[in-house]
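Descriptive analysis of the structure
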Protein chains: 2
Amino acid sequence: MPATPAYDDLTRTYDRLHRLGHLQALAGWDQAANMPPKGSAARAAALAEMAALLHRMRTDPALAAAIERAEREALDDLQRANLREIRRDWRHANALPESLVQRRQLAASRCEHAWRAQRPANDWAGFLGNFRELLAIAREEAERLSQQQGLARYDALMDRFEPGMRCATVDRVFGDLRQWLPGLIERVRARQAQQTVIAPVGPFPLAAQRRLCERVIGLLGFDFDAGRLDVSTHPFCGGVPEDVRMTTRFREDDFLGSLMGTVHETGHGRYEQNLPRAWLGQPVAEARSMAVHESCSLAFEMQLGSHPGFIARLAPLLAEAFGAQPAFEPANLQRLMTRVQPGLIRVDADEVTYPAHIVLRYEIERPLIEGAIEAEDIPALWDAKMAELLGLDTRGNWRDGPLQDVHWPEGLFGYFPCYTLGAMFAAQWFASIRRRHPDLDARIHAGDFAPVFDWLREQIWSQGSRWTTDELAQRASGEALNPAHFKAHLQARYLG
Amino acid sequence: MPATPAYDDLTRTYDRLHRLGHLQALAGWDQAANMPPKGSAARAAALAEMAALLHRMRTDPALAAAIERAEREALDDLQRANLREIRRDWRHANALPESLVQRRQLAASRCEHAWRAQRPANDWAGFLGNFRELLAIAREEAERLSQQQGLARYDALMDRFEPGMRCATVDRVFGDLRQWLPGLIERVRARQAQQTVIAPVGPFPLAAQRRLCERVIGLLGFDFDAGRLDVSTHPFCGGVPEDVRMTTRFREDDFLGSLMGTVHETGHGRYEQNLPRAWLGQPVAEARSMAVHESCSLAFEMQLGSHPGFIARLAPLLAEAFGAQPAFEPANLQRLMTRVQPGLIRVDADEVTYPAHIVLRYEIERPLIEGAIEAEDIPALWDAKMAELLGLDTRGNWRDGPLQDVHWPEGLFGYFPCYTLGAMFAAQWFASIRRRHPDLDARIHAGDFAPVFDWLREQIWSQGSRWTTDELAQRASGEALNPAHFKAHLQARYLG
């Protein structure tokens, strides 16, 4: 008789969930990267069946009883942390009946699939038809999670992606951001107005772009024997920790968006590839949260990838891929890659204007979930906030407005804040790495990225979900989330 | 209360199995076409978990009871056929305990994955290490199926792929083949010795090959909105009827192998794409058998694809893809594509020597399953039979010998005979099409393949598993399997 029979039972169940979730993750990746259009209905049905099955496993009454019994067993700290994450997973799963899970999956598959054609066609009215149904389901979900957990509805949705994060904190952090960001953007733009930036001259052949991306991903330490790079409409990092599937998209007239997008996904990819192998299959081995995930991708894309030292390493690779041209001179490349320019598209935004896109989405989806506004109200709000925050006119351009992101078509509400919280954590991590390595800038200039990789592996990647986000940040950097590092980073890089 | 409650219950269970099987099929395709090496262990574990889950669903005691009750319900002919196929599926699943299914899946994944490196390394000894375990499991499986069904052990394995087929028939058909095939090969080779054949001059760029393949697949009516073509070591047709995943492999020095391999897979692919949509999810909607599947692929590759009229259509496409050259002149192309040449590799074999490869495999794997020989005995038997049947020396070349096929590394025993039975059915189908359309040759020459597609859709594809193989052949062509059509086809094409 083992000392911890109930706990051991739980770990067996979660190993099974991990193995079946593998097939689900793979099918999700394939849906975005490979699936032909007529495969959609069968895939949606298959994914709904699997979601229902996993949901049934998570809501098996025996599981609740085992969790209670395991709480009274003699567990070590790691087991205790795993049990905490199991309980969290259990709590989320058991707030929702199977029929709701299945309806959400079907509605999201339908909405997302139709959106792929509706977005290029600028078809907001067509999108609304599916989206209203998906929103109604999301509200029902928020209400149930809210009642179960004693949280406000949007908090309850956000908690799925960012455990412990509440609107009170987001309001404080984003409220502060709203104070200084517009002024910062103005000062940076005034300063950059005097700069000459030479634009790269295309076309940039897709095959050369792909080779360049693969080379840079390699420099960043991604293990191609345990993952792939493919193409999808909306870049993402999917698959499983043992086989990470990153995607990007290529445009012949612009290589930089795809390249830096790929650097971003590589940050996600290395987090997944370096999660604690020994505990893999258990909730404690999973990535801590979406903001922490985003801190890893932005540590790669913004902190390291847009660092002058990294850019100096990139320059010769560009010349090799596309032929030498004046735009690839390191100082010019640096100006190009740190150019601040308010634009319509979130994923193309520079790191200074990006938070404005997030604030906008947060300010729309929160009242949407709370029922204060309806789906029909989105375009007018979008137009008003884009004018207010970034001075842009978006009227009638739904394609590059509320139709631009995959999140809403997939029914993902409460996720957007994580992007900017992640940017803040990434700045906080680099401040900590710089304290450990006062010569960090020189080492990056010398092409030695080990201080970054080693710190992230040791402090973040390998920790999985062993600690709460606050504890993780505290242990790694000496303090919980502190947005001052992000502000200091932007000031140093753009006004220093 | 519906009139057929037990039957309706069964159809719901099989719809679920179909949806979960979708994810299994996709993961199997991905494993061959995409998966990086370090993903192997997690994928094997995930597939084993899913195999065990599906096995549990198929062995639920409630299912047996429902089948018994459904037998007494008022079913129409189609439902009756579906119930027959459900019973067949149930019988196969319930012969094997879950632990055996899981062990087999794990052993097969391990063996197949290692084989991918062992084959190029000519590492027979390394392969034996995994293969012995897999063979032991296959024998255990054969023994159980044999006891349950009152069939001989190899018959019991073969019955999974070719329901109703027995060694007695295979012995008779292959025994007859052994009588006349060596003489036919000799006569054809003597006749071809006087022919001049101009070889195509490479290299043939892979991108051009891929475009050519996609164009020819399109001519053959494959629906690219409901399927894909990708690359894998061993070409196959996988995925699901709603989303067919075909694979091929490209070599820069030879386009013909890949092209005709793709034509072959397209025959499989169209069968899957044209299975009866209304019944999809039910066993009665599945492809009848592996020999019937192969009859579809060989109807495309050999009957239609190597027809002089089709080759005349192909010739200008080759010139367009690779530039004009003397080898692409239709008469030369015809000689090239019907060249008979004993060789080591089954999948590269011409249609005249191909059956010799199958007879050899049948004569090895049958005693292997029966325990009359051991895995260690394979190379010597292989060498002897290759010398006897095709006059070739294969000693020490395991890579191009018993390591060449994916079947044994995957634990697929009893499958090989289907290839040649399929070739015989394909000839029988074309004889029937020719009776309906006496102008068939002229129409193929005119680029009108509709007589072939329409007959196959009507008589074979759309019938799914509604009839037994004997009934299907009888209804489609007026007789059960008759190998005389195959012999007549070879004589007409190669000695006519």
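Because the structure is predicted, anything quoted here is derived from the model rather than measured.

The rules we used
- Residues numbered from 1 in each chain as written.
- Chains lettered and ligands numbered in written order.
- Predicted model: local features only at pLDDT ≥ 70, side-chain atom pairs only at ≥ 80, totals over all residues.
- Contact = placed C-beta atoms within 7 Å.
- Helix = DSSP H or I, 4+ residues; strand = E, 2+ residues; numbered from the N terminus.
- Nonpolar A, V, L, I, M, F, W, Y, C, P; charged D, E, K, R; others polar.
- Least-squares fit on C-alpha atoms with pLDDT ≥ 70 in both.
- Buried ≥ 20, exposed ≤ 12 C-beta atoms within 10 Å, placed from the backbone.
- Pairing = 2+ DSSP bridges.
- Axes fitted to C-alpha atoms, helices over the stretch in contact; angles between N-to-C directions.
- Expected span 1.5 Å × (residues − 1).
- Core = buried A, V, L, I, M, F, W, Y, C linked by C-beta atoms within 7 Å.

Now for the interface of chain B and chain A. Between chain B and chain A, the residue contacts involve 28 residues of the former and 28 residues of the latter. Those elements that place two or more of their residues in the side of chain B that touches chain A are α1 (5–33), α2 (40–58) and β1 (227–231) of chain B. It is α1 of chain B that contributes the most residues to the side of chain B that touches chain A, 8 residues altogether. Each residue belonging to the side of chain B that touches chain A can be placed in one class, and the counts come to 14 nonpolar, 4 polar and 10 charged.

Taken as rigid bodies, chain B and chain A are interconverted by a rotation of 180 degrees and an axial shift of 0.0 Å, the fit giving an RMSD of 0.0 Å. Such a combination of rotation and displacement between the chain copies is what one expects of a two-fold axis. Of every C-alpha in chain B, the one belonging to L23 of chain B sits nearest the axis of rotation, 3.1 Å from it. When the interface residues of chain B are mapped onto chain A, 100% of them again fall at the interface, so both copies present the same face.

Moving on: the pairing of strand β2 (residues 237–240) of chain B. All names here are of chain B. Alternating residues of β2 divide into C237 and G239 and G238 and V240, and every residue in both groups is buried. With 4 bridges connecting them, β2 and strand β3 (residues 243–248) associate as antiparallel partners. The partner of C237 across the bridge, within β3, is M246.

So, about the sheet that holds β2 of chain B. Residues and elements named next belong to chain B. Spatial strand order, β1-β3-β2: 3 strands in an open sheet with mixed pairing. Strands with a single pairing partner mark the edges of an open sheet, and in this sheet they are β1 and β2. Averaged over all neighbouring strand pairs, the angle between strand axes comes to 20 degrees, with direction disregarded. Sheet topology note: the β1/β3 ladder contains 5 bridges and is parallel.

With that settled, consider helix α2 (residues 40–58) of chain A. When the terminal C-alpha atoms of α2 of chain A are compared, their 27 Å separation across 19 residues agrees well with the 27 Å that a helix rising 1.5 Å per residue should span. Along α2 of chain A, the residues that are buried comprise S40, A42, R43, A44, A45, A46, L47, A48, E49, M50 and R58 of chain A.

Let us now look at the sheet that holds strand β3 (residues 243–248) of chain A. Strand pairing within a sheet occurs via backbone hydrogen bonds; the two strands may be parallel or antiparallel. All names here are of chain A. Across the sheet, 3 strands lie side by side as β1-β3-β2; this open sheet has mixed pairing. With one partner strand each, in any of the chains shown, β1 (227–231) and β2 (237–240) form the two edges of the open sheet. Each adjacent strand pair in this sheet contributes to an overall mean axis angle of 20 degrees, direction not counted. Sitting on the sheet, helix α1 (residues 5–33) is in contact with β1, β2 and β3, with an inclination near 145 degrees to β2.

Time to look at the nonpolar core. With 105 residues, the main nonpolar core has L157, A299, V359, C418, A423, F425 and A426 of chain B as its most contacted residues. Counting residues per element, this core draws most heavily on helix α16 (residues 417–436) of chain B, which supplies 11 residues. Excluding anything up to four places from it in sequence, A299 of chain B contacts G267, L304, A426, W429, F430 and L456 of chain B. By size, the runner-up hydrophobic cluster in this structure holds 102 residues, among which are A108, V188, V263 and A356 of chain A.

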